[in-house]
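Residue-level listing of the chains:
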Amino acid sequence: MSIHTPRIEKKITLSTIAKMKGVEPITMVTAYDALFAQLFDGEVEMILVGDSLNMSFLGKEDTLSATMDQMIYHTQAVGNGAKSACIVFDMPFGSYTTAQRALENAVRVYRETNAQAVKIEGGKEKADIVRVLSENGIAVVAHIGLMPQHVRSEGGYKVRGKDEEDIKALLEDALELQAAGAAMILVEGVKAEAAKVVTKAVKIPTIGIGAGNSTDGQVLVWSDMFGFFEAFKPKFVKRYCDGAKEVREGLEQYISEVKSRAFPDEEHTY
Ligand code: KIV
């Protein structure tokens, strides 16, 4: 049996991540609890406690009903499991409607969890909020492109950057958010060419999800990439293992062994 040696042993900070731009692709996955955070820690550079937990953990239709209390609770759990990864807290819908509200909520995140940055969805219209948070010592990951918190107002999940005009709009968003002090830009659901233009134009790292292969890093939702979330599979999701199938097979074997009294056998009995 081999003893697992983590790939990364030291604490990853945002400045470590900033230095990776153009040098080495950044890896990020989501996690919502200590068990999985511990599995991912020491392997990926970053862990996002995404509000996607509202769907893949709580079984809701979209991310909109996630609350600050829930996000804090899950980020505390992730912080208990992850010691080296840089943890990002996803600000839930309605928690950053004004700069003041965003600041109060983000201060709570820094006080009550060990997240190193908060993520907010929005383009240049959110630049003032990003500025206020950065000026108050809170690192911000700005999330542009397809924004899941806009699913109801936009009537679905729509891929962005399909024409020159929209690429220009995404570029403007990225540049204004960078100027406002964003530490990183997460680009979701955009044509690869648009993400490439944005990545080249900014000095801060970009992390892509459904944004092609030119961003400075990639993020995937853990339950999607390991085949646990079966409700739907967007085109950009690659399943690295078939988690649900493995669990089902294990469960079937357990049931059959209990029913036949094959379990517990001698090895598993005091
Ligand atoms: O909530 C989340 O997991 C996210 C990712 C989709 C980037 O925001």
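Everything here concerns the structure above.
About the thresholds
Residues numbered from 1 in each chain as written. Predicted model: local features only at pLDDT ≥ 70, side-chain atom pairs only at ≥ 80, totals over all residues. Heavy atoms only, no water. Salt bridge = Lys/Arg side-chain N within 4 Å of Asp/Glu carboxyl O. Helix = DSSP H or I, 4+ residues; strand = E, 2+ residues; numbered from the N terminus. Buried < 20%, exposed > 50% of the residue type's maximum accessible area, 1.4 Å probe, protein only. Pairing = 2+ DSSP bridges. Axes fitted to C-alpha atoms, helices over the stretch in contact; angles between N-to-C directions. Contact = heavy atoms within 4.5 Å. 1 Å grid on protein atoms, 1.4 Å probe; cavity = no way out; pocket = protein on both sides within 12 Å on 5 of 7 lines; lining within 4 Å. Points joined across faces, edges and corners; volume = space filled by probe spheres on them. Nonpolar A, V, L, I, M, F, W, Y, C, P; charged D, E, K, R; others polar.

A.B. asks: Account for the pattern of salt bridges, with residues named and values stated.
C.D. replies: Counting across every chain of the model gives 12 salt bridges. The partner of arginine 108 in a salt bridge is aspartate 69, with the nearest N and O atoms 2.8 Å apart. Of the two residues, arginine 108 sits in helix H5 (residues 99–112) while aspartate 69 sits in helix H4 (residues 68–81), which places them 39 residues apart along the sequence. A salt bridge links lysine 119 to aspartate 90; the shortest N-O distance between them is 2.9 Å. Taken together, the positions of lysine 119 in strand S4 (residues 117–121) and aspartate 90 in strand S3 (residues 86–90) put the pair 29 residues apart, joining distant regions of the chain. As far as the burial class goes, lysine 119 and aspartate 90 line up, both buried. Three or more residues are tied together by salt bridges with common partners; here these are Asp69, Arg108 and Glu112.

A.B. asks: So what's going on with the sheet that holds strand S1 (residues 26–30)? Residues and values would help.
C.D. replies: The strand order around the closed barrel formed by 8 strands is S1-S2-S3-S4-S5-S6-S7-S8, and the pairing between neighbours is parallel. For this sheet, the mean angle separating the axes of adjacent strands, direction not counted, is 25°. Across 4 bridges, strand S2 (residues 46–49) lies against S3 in parallel orientation. Bridging across to S3, valine 49 finds its partner in phenylalanine 89. The sheet contacts of helix H8 (residues 164–179) involve strand S5 (140–145) and strand S6 (184–188), and relative to S5 the element is tilted by about 170°.

A.B. asks: Go over the layout of surface pockets with me, naming the residues and quoting the values.
C.D. replies: In this structure, the largest pocket spans a volume of roughly 730 Å³. Along the wall of the largest pocket there are 31 residues; nearest its centre are Leu146, Glu188, Ile209, Pro234 and Phe236. Elements represented by at least two residues in the lining of the largest pocket include exactly helix H3 (53–56), S4 and S6. Classifying every residue of the lining of the largest pocket gives 15 nonpolar, 8 polar and 8 charged.

A.B. asks: Which residues make up the pairing of S4, and what values go with them?
C.D. replies: Counting buried positions over the 5 residues of S4 gives 5, a clear majority of the element. Side-chain alternation along S4 places Ala117, Lys119 and Glu121 on one buried face and Val118 and Ile120 on a second face that is also buried. Relative to S4, S3 runs parallel, the two being bridged by 3 bridges. Within S4, the residue paired with aspartate 90 across the bridge is lysine 119.

Geometry only, nothing functional implied.
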